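What follows is the residue order along each chain.
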Amino acid sequence: MGNTWEQLEALQPNVLKILQNSLLKERVAHAYLFEGSKGTGKKQISFLFAKALFCQNPVNHRPCHECSNCRRIDSGNHPDIHLIEPAGLSIKKEQIQFLQSEFTKTGVESNKKLYIVNHVDKMTVSAANSLLKFLEEPGNGTYAILLTENIQRLLDTIISRCQVISFRSLTPEQLAEKLVENGLSGVDASILSNLTNSIDEAIELSKDEWFGLAIKLVIQLYEVLTTRPQQALLFIHEKWVAHFKEKEQAHIGLTLLMLLYRDLLTLQVGQESKIVYRHKIEELKQQALQTTQEKAIYRLEVILKAKNKLNSNMNLQLLMEQLVLDLQEG
């Protein structure tokens, strides 16, 4: 069974309210544009809304999840619902043309047909023009849901032909709660919910051995800087650089380190409930008493500057060497 209405309503209450009202008032738009950051439930809610439209036994316009239509939508094989996603890096004109040809046919099992275009901002220019023509001339019973994380990349003419619905990002607290429901520990959920706002990405990272070791190395670096600062450069040479080889990996490492130093400041301002590294709280409490807020803020600033330098071509080892020297100064 897919996500229920109640589960997704807890994550995106405004979105579900808009969609339910359109069903209750029988004013379903011929095209919706769901826009919002990664991991906000756009795709899940697209299929939930599809089930609401096609369900054979709806309850208060909500899908039953049990009828044959609901089950086939869950399994991805309903003949009147089509999903288009990038083929490689982009959505091609041929994919939209295939969609158009499919929609010239009457619905196989009803008078409705629905198409969902995921990452619609990744269309080629010719694909976008083909889709625009499709949106301009919707057939009876034809519905579209377009999904994007980058609405600014879409043609204004496409946006103007859709009802735009914005999805809010999940708060770290909401995401952590969902991750615990998916079997993650409280500590892992706390860290991951501050690293990404995507449930799927967080779960994937939690299963990655590389990420597990990354957290251990970040804590080790912090402990070296706190208790044996003269060994910090050696730690960078021997352990850090070998693990955080790519820019994206280095970005994750610096973000994890910044969260650890942020915990110090969080304790200093009396917000213990917002600690990320909960399993290190006793050590952090002791260290928070041994430093000033000014030093804690300075260290956060130098880590942030190092993160910004990742976008340049600066050597990763040199960047980390400079960072640990700056952290020692603080």
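The text that follows walks through the structure, step by step, so that each part is easy to find. Everything quoted here is computed from the prediction, not taken from an experiment. Residue positions within a chain follow its written sequence, with the count starting from 1. Owing to the predicted nature of the model, reporting of local features is limited to residues with pLDDT of at least 70; listing and counting of side-chain atom pairs is limited to 80 or more, with chain, interface and lining totals taken over all residues. Side-chain figures throughout are based on the complete set of non-hydrogen atoms in the structure, without hydrogens or water.

Here we take up the packing of helix α5 (residues 93-103) against helix α6 (residues 125-136). In helix packing, the relevant descriptors are the interaxial angle and the interaxial distance, both defined with respect to the helix axes. Fitted lines through C-alpha atoms give the axes, limited to the stretch in contact for helices. The angle between two N-to-C directions lies from 0 to 180 degrees. A run of H or I in DSSP becomes a helix once it reaches four residues, and a run of E becomes a strand once it reaches two; helices and strands are each numbered from the N terminus. Running from N to C, α5 and α6 point in directions that differ by 20°, and their axes come no closer than 7 Å. Judged by the inter-axis angle, α5 sits roughly parallel to α6. Seen from α5, the contacting residues are K93, I96, L99, Q100 and F103; seen from α6, they are S126, A127, S130, L131 and F134. We call Asp, Glu, Lys and Arg charged. Ala, Val, Leu, Ile, Met, Phe, Trp, Tyr, Cys and Pro are nonpolar, and the rest, Gly among them, are polar. A breakdown of the residues in the contact of α5 with α6 according to their chemical character gives six nonpolar, three polar and one charged. Here the angle decides the label: under 35 degrees means roughly parallel, over 145 means roughly antiparallel, 65 to 115 means roughly perpendicular, and every other value means oblique. For this analysis, residues touch if any pair of their heavy atoms sits within 4.5 Å.

This part covers the packing of aromatic side chains. Each pair of aromatic rings taken from Phe, Tyr and Trp, with Trp reduced to its six-membered ring, is defined by centres within 6.5 Å and is described as stacked if the planes are under 30 degrees apart, edge-to-face if over 60, and tilted in the remaining cases. Within the structure shown, the criterion is met by nine aromatic pairs. When the centroid spacing of 5.1 Å and the interplanar angle of 45° are considered together, the rings of F34 and F167 count as tilted. Taken together, the positions of F34 in strand β1 (residues 31-35) and F167 in the loop between β5 (163-166) and α8 (172-181) put the pair 133 residues apart, joining distant regions of the chain. We classify F34 as buried; its relative accessible area is 0%. Looking at F167, the relative accessible area reads 6%, which means it is buried. Type-normalised accessible area, obtained with a 1.4 Å probe on protein chains alone, sets the label of each residue: buried when under 20%, exposed when over 50%, and partly exposed for intermediate values.

Turning to the sheet that holds strand β2 (residues 81-84), a few remarks are in order. Reading across the sheet, the five strands line up as β2-β3-β4-β1-β5 and stay open at both edges, with parallel pairing between neighbours. At either margin of the open sheet sits one strand with a lone partner, and together these are β2 and β5. Within the sheet, the average angular offset between the axes of one strand and its neighbour, ignoring direction, is 15°. Inspection of the sheet shows strand β3 (residues 113-117) paired to strand β4 (residues 142-148) by five bridges, in the parallel sense. The residue of β4 that forms the bridge with L114 is Y143. Packed on one face of the sheet, helix α2 (residues 13-24) meets β1 and β5 and runs near 145° to β5. The sheet contacts of helix α3 (residues 42-54) involve β1, β2, β3 and β4, and relative to β4 the element is tilted by about 170°. At least two bridges found by DSSP between two strands is the condition for calling them paired.

All right, on to the pattern of salt bridges then. Between Lys or Arg on one side and Asp or Glu on the other, a salt bridge is scored when a side-chain nitrogen of the former is within 4 Å of a carboxyl oxygen of the latter. Under the criterion given, the structure shown has 11 salt bridges. Among the ionic pairs, R62 bridges to E9, the shortest N-O distance being 3.8 Å. Of this pair, R62 sits in the loop between α3 and α4 (68-75) while E9 sits in helix α1 (residues 5-11); the two residues are 53 residues apart in sequence, bridging distant segments of the chain. Within this structure, E6, E9 and R62 form a network of salt bridges that share partners.

Before going further, it helps to spend a moment on the environment of D326. Locating D326 in the fold gives a position in helix α16 (residues 316-329). Among the residues examined, D326 registers a relative accessible area of 18% and is labelled buried. With 308 residues separating them in the primary sequence, D326 and I18 have C-alpha atoms 50 Å apart.

At a minimum axis distance of 11 Å, the contact between α2 and α3 shows a crossing angle of 20°. Here α2 lies roughly parallel to α3, going by the angle between them. Between α2 and α3 lies a crossing whose hand is right-handed. Judged by residue contacts, V15, L16, L19, S22 and L23 of α2 engage I45, L48, F49, A52 and L53 from α3. Of the residues that constitute the contact of α2 with α3, the class distribution is nine nonpolar, one polar and no charged. If you view the pair so one helix is near and one far, a crossing is left-handed when the near helix is turned anticlockwise from the far one by less than a right angle, and right-handed when it is turned clockwise.

To continue, consider the side chain of S198. Within the fold, S198 resides in the loop between α9 (186-193) and α10 (199-206). Residue class for S198 comes out buried when judged on its relative accessible area of 3%. With near-sequence residues (within four places) excluded, S198 lies in contact with K38, G39 and L175.

The subject of this paragraph is the side chain of T148. With respect to the helices, strands and loops of the structure, T148 is situated in strand β4. Under the relative-accessibility criterion, T148 is labelled buried at 1%. For T148, the side chain forms a polar contact with the side chain of D121, separated by 2.7 Å. A polar contact is formed between the side chain of T148 and the backbone nitrogen of N150, at a distance of 2.9 Å. Residue contacts for T148: discarding those within four places in its chain leaves L33, F34, E35, G36, K42, V120, D121 and L154. In the analysis that follows, any N or O atom pair within 3.5 Å is treated as a polar contact, provided that within protein one partner can donate a hydrogen and the other can accept it, and provided that, for residues neighboring in sequence, both atoms belong to side chains.

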